[in-house]
Amino acid sequence: MKRLIAALLLAATPASALDLSAMTETEREAFGAAVREYLMENPQVLVEAINVLEARQAEMGVQNDRALVAANRAAIFEDGHSWVGGNPEGDLTVVEFIDYRCGVCRQAAADVMAAVEQDGNTRLILKEFPILGQESELASRFAISVHQIVGDDAYLAAHDALMEMRGSITLDSLAALAGRIGVEAEPVLNRMNTDPVTDVLRANRQLAEIMAIQGTPTFIIGDEMLRGMPRAGLAATIEAIRDGA
């Protein structure tokens, strides 16, 4: 009988859940003992229940993220200040929040560019999101300054160089980097702490806060938000999202 009672509890739906408050203290104690006995003898039930719970929570997270993307599409895809590459007329847009001191961002940078180039029909937007300290901040300010002064091609060269850069990021090392990519260092460095650069970082941080983005890389691909590098790889993920998989 104890096992039958416990099984009935575990199978109960919200509509048919047992009302424990209607039981006497003795009945509740007996009921609790029955449930404990059942679970001790059938621990796989707990594993199954946890798996179902985690799956439901994951799906709820996906739905919440889709709602955030839908509510903030203009700021995500048309902010007017982020670098845009790939195919500007592509049928799918990939947005990446990046930090130049983020190890995963650095490891994935070449794969991101290769996936977009290989696909040929993807628009890529990079959003500067320095969250790993002063060097991250300096690197992003440098990249934004290059973009605002020199343009898209110079920004891409700065982005690639910063992702590959070894050693500390300082004003001196950034000045040297500017020379390597063929950009005049002085005007870029002078602009780094000005309002136009700060405004870009502020807008990106405000968007990240709204989207509950706390780490890099974070991708938004079409209507989907991926918090971290997708396990299947970016190229396969782009294809799957485009196909609606």
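Residues numbered from 1 in each chain as written. Predicted model: local features only at pLDDT ≥ 70, side-chain atom pairs only at ≥ 80, totals over all residues. Heavy atoms only, no water.

(A) Focus on the overall build of the chain. Along the backbone of the chain there are eleven helices and five strands. As displayed, the chain has an accessible area near 13500 Å², and 53% of this comes from carbon and sulfur atoms. (Helix = DSSP H or I, 4+ residues; strand = E, 2+ residues; numbered from the N terminus. Areas by Shrake-Rupley, 256 points an atom, 1.4 Å probe, with all protein chains shown as cover.)

(B) Structural detail: unusual backbone geometry. Cis geometry is found at the peptide bond from Thr216 to Pro217, where omega equals -5 degrees. Looking at the element boundaries, Pro217 is found in the loop between helix H10 (195–210) and strand E4 (218–221). You will see that Ala212, though not glycine, has its phi angle at about 60 degrees, which is positive. Position of Ala212 relative to the elements: it lies in the loop between H10 and E4. Of the residues examined, Ala212 reaches a relative accessible area of 42% and is grouped as partly exposed. (Buried < 20%, exposed > 50% of the residue type's maximum accessible area, 1.4 Å probe, protein only.)

(C) Focus on the pairing of strand E2 (residues 92–98). For E2, the tally of buried residues reaches seven of seven residues, placing the bulk of the element in the interior. Side chains Leu92, Val94, Glu96 and Ile98 project from E2 onto one buried face, and the interleaved Thr93, Val95 and Phe97 project onto a second face that is buried too. When E2 meets strand E3 (residues 122–128), the two strands line up parallel, connected through seven bridges. Counted as the bridge partner of Phe97 is Lys127 from E3. (Pairing = 2+ DSSP bridges.)

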